[in-house]
Amino acid sequence: MLALSPELRSRLATPLQIGTVTLNSRVFQSPLAGVTDLVFRRLVRRYAPDSMMYTEMVSASGLHYLKTLPRIMEVDANEHPISIQLFDCRPDFLAEAAIKAVAEGADTVDINMGCPVNKITKNGGGSSLLRDVPTAAAIVRTVSAAVSVPVTVKTRLGWSDQEINILDFAKAMEDAGAAMITIHARTRAQGFNGAARWEWIGRVKQHLRIPVIANGDIFSVEAAVQCLEQTGADGVMCSRGTMGYPFLVGEIDHFLKTGQQRPAPTVIERLQCARDHLIALWEYKGERGIRQARKHLTWYAKGFAAAAELRSQLCRIETVAGGLALLDEAIERLRNLAAAP
Ligand SMILES: Cc1cc2nc3c(=O)[nH]c(=O)nc-3n(C[C@H](O)[C@H](O)[C@H](O)COP(=O)(O)O)c2cc1C
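Residues numbered from 1 in each chain as written. Predicted model: local features only at pLDDT ≥ 70, side-chain atom pairs only at ≥ 80, totals over all residues. Heavy atoms only, no water.

- As recorded in an unreviewed UniProt entry, the chain goes by the name tRNA-dihydrouridine synthase, listed as coming from Parathermosynechococcus lividus PCC 6715.
- In UniProt, the chain has this text filed under Function (unreviewed entry): "Catalyzes the synthesis of 5,6-dihydrouridine (D), a modified base found in the D-loop of most tRNAs, via the reduction of the C5-C6 double bond in target uridines." (UniProt positions renumbered as here; feature names shortened; annotations may be inferred.)

So this is what it looks like as structure tokens:
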């Protein structure tokens with residue numbers, strides 16, 4: 001049985017202070033482009049009401065030229081704690097965007113310094129900032145001066161194995177005024193391949209005063225505990241493990257607070273959650289929501305006989321009624337199977 005060591009329990013018992021913001025959870029839902037919209041965050045928050053969530057990353061340049069706020073920046077009126085994540089390489093555009101983020105309700109503003117995608121890095125944003133420490137520091141200084149909420153950074157270990165500079169980079173961000181740093185323990189060159197190298201997070205933690213949040217390969221309560229033990233990090237951030245499984249952040253948070261494991265949702269409960277997700281996406285985004293729901297629904301449909309066939313149908317749904325019919329049939333079949341002698 002999984003147990004929480006007394007040392008870890010006492011270390012995590014106090015609230016987490018990010019500058020002026022106090023959090024009652026040390027488990028974070030990461031920003032995931034195309035996933036962590038308002039609808040998804042509501043589902044995660046059902047099970048993890050105290051956890052900090054992030055919007056999908058928002059382009060500060062895009063925002064500068066737009067007249068209206070993009071949908072991905074919308075947060076619920078009572079949605080807290082919430083961070084709006086921005087990306088760009090221009091400190092002035094980022095400061096301007098941060099002011100809009102705070103007006104929208106952001107408790108913290110996070111700067112993306114880890115995205116590996118070419119389209120972003122070739123314009124000087126995301127992980128390319130790991131190679132341009134003066135600009136990264138100028139961003140943190142300028143944005144911090146523009147807003148009263150804490151400014152945080154999410155980044156990687158470095159550009160490549162030959163350029164792992166996270167120790168100096170993280171210190172430079174702290175010196176520039178960052179209130180917290182989240183480290184995805186892979187390099188840009190790794191993308192999402194290979195195991196996350198948590199040992200680097202432990203080294204950064206020893207080097208900094210601001211909170212350090214561990215990210216990469218937190219797919220279970222066990223992994224979260226192991227990572228916290230190994231790194232001494234102040235918290236963990238869940239990412240791919242939440243796709244089709246919005247229960248994860250809450251499961252980890254519950255265990256860290258109580259030492260008890262929440263029973264995992266049954267397959268039927270997961271499919272019922274998928275149902276809620278589909279309806280909410282439809283209500284919030286209409287037709288576009290149906291198209292976006294396809295990938296989410298296939299992520300939920302795992303771990304039972306005939307799941308592959310269901311996935312292949314779910315990824316082609318055209319209407320909310322069609323999607324619900326498929327999910328309801330699957331739920332009915334699973335119920336009958338469970339009732340069969
Ligand atoms: C589909 C997808 C979208 C992502 N979008 C963002 C993003 O908008 N901002 C960001 O900082 N990281 C983004 N990430 C990176 C994750 O937040 C996280 O750092 C990474 O997946 C490592 O954690 P994991 O190994 O637990 O998945 C994205 C990752 C995926 C798979």
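## Here's the deal with the UniProt feature "active site" (unreviewed entry) in the chain
Next up, step 1: The feature "active site" (unreviewed entry), as given by UniProt, occupies C115 in the numbering adopted here.
Next up, step 2: As for its placement among the helices and strands, C115 is situated in the loop between β7 (108-113) and α5 (118-121).
Next up, step 3: For C115, a relative accessible area of 8% corresponds to the buried category. (Helix = DSSP H or I, 4+ residues; strand = E, 2+ residues; numbered from the N terminus. Buried < 20%, exposed > 50% of the residue type's maximum accessible area, 1.4 Å probe, protein only.)

## Structural notes on helix α6 (residues 133-146)
Helical geometry: 3.6 residues make up each α-helical turn, so side chains three or four residues apart lie on a common side.
Next up, step 1: Compared with an ideal rise of 1.5 Å per residue, which puts 14 residues at 20 Å, α6 spans 20 Å between its outermost C-alpha atoms and is within 8% of the ideal.
Next up, step 2: Every buried residue belonging to α6 is among T135, A136, A137, A138, I139, V140 and V143, and all of these are buried. (Expected span 1.5 Å × (residues − 1).)

## Quick look at the UniProt feature "domain: DUS-like FMN-binding" (unreviewed entry) in the chain
Next up, step 1: UniProt's entry tags residues 30-333 with the feature "domain: DUS-like FMN-binding" (unreviewed entry), counted in the numbering of this structure.
Next up, step 2: In the segment residues 30-333, helix accounts for 48% and strand for 12%; the C-alpha atoms at its two ends are 34 Å apart.

## What about the packing of helix α2 (residues 38-47) against helix α11 (residues 267-285)?
Next up, step 1: Contact geometry of α2 with α11 gives a least axis separation of 9 Å together with a crossing angle of 145 degrees. Of the two elements, α2 crosses α11, and the hand of that crossing is right-handed. Residue-level contacts link L38, V39, F40, L43, R46 and Y47 of α2 to C273, D276, H277, A280, L281 and Y284 of α11.
Next up, step 2: In the contact of α2 with α11, the residues fall into 9 nonpolar, 1 polar and 2 charged. (Axes fitted to C-alpha atoms, helices over the stretch in contact; angles between N-to-C directions. Left-handed = near helix turned anticlockwise from the far one by under 90°. Contact = heavy atoms within 4.5 Å. Nonpolar A, V, L, I, M, F, W, Y, C, P; charged D, E, K, R; others polar.)

## Quick notes on the site of the ligand
Next up, step 1: Neighbouring residues of the ligand: 17 residues in total, closest A33, Q85, K154, N215 and R240.
Next up, step 2: Take A33: an N or O atom from its main chain is 2.7 Å from a nitrogen atom of the ligand.
Next up, step 3: Relative to its unbound accessible surface of 610 Å², the ligand loses 87% to contact with the protein.
Next up, step 4: Classifying every residue of the shell around the ligand gives 6 nonpolar, 7 polar and 4 charged. (Near = heavy atom within 4 Å. Polar contact = N/O pair within 3.5 Å; in protein donor to acceptor, adjacent residues only side chain to side chain. Areas by Shrake-Rupley, 256 points an atom, 1.4 Å probe, with all protein chains shown as cover.)

## Structural notes on the packing of aromatic side chains
Next up, step 1: For the structure shown, the criterion picks out 3 aromatic pairs.
Next up, step 2: A centroid spacing of 6.0 Å and a plane angle of 90 degrees characterise the contact between Y65 and F93, whose relative ring orientation is edge-to-face. One end of the pair, Y65, is in helix α3 (residues 60-65); the other, F93, is in helix α4 (residues 91-104), with 28 residues separating them in the sequence.
Next up, step 3: The buried category is assigned to F93, whose relative accessible area is 6%.
Next up, step 4: Here the guanidinium or amino end of R90 rests over the ring plane of F93, the centre of that ring lying 3.8 Å away.
Next up, step 5: Positioned above the aromatic ring of W200, the side-chain terminus of R203 is 4.4 Å from the ring centre. (Phe/Tyr/Trp six-rings, centres within 6.5 Å; stacked < 30°, edge-to-face > 60°. Lys NZ or Arg CZ within 6 Å of the ring centre and 35° of its normal.)

## Considerations on the domain arrangement of the chain
Next up, step 1: According to the domain assignment, the chain consists of domain 1 (6-258) and domain 2 (267-339).
Next up, step 2: Using C-alpha coordinates to define each centre, domain 1 is positioned 30 Å away from domain 2.
Next up, step 3: Between domain 1 and domain 2, the contact holds 16 residues from the first and 14 residues from the second.
Next up, step 4: Taking both sides of the interface into account, the surface hidden between domain 1 and domain 2 amounts to around 1,300 Å²; carbon and sulfur atoms contribute 63%.
Next up, step 5: Among the residues domain 1 hides against domain 2, the three largest losses belong to V39, R71 and G244. Together they make up 36% of the total.
Next up, step 6: Put simply, domain 1 and domain 2 have 2 salt bridges between them.
Next up, step 7: Where R46 meets D276, a salt bridge forms, and the shortest distance between an N and an O atom there is 2.8 Å. (Domains from an automatic or database assignment. Buried area = accessible area lost by both parts, 1.4 Å probe. Salt bridge = Lys/Arg side-chain N within 4 Å of Asp/Glu carboxyl O.)

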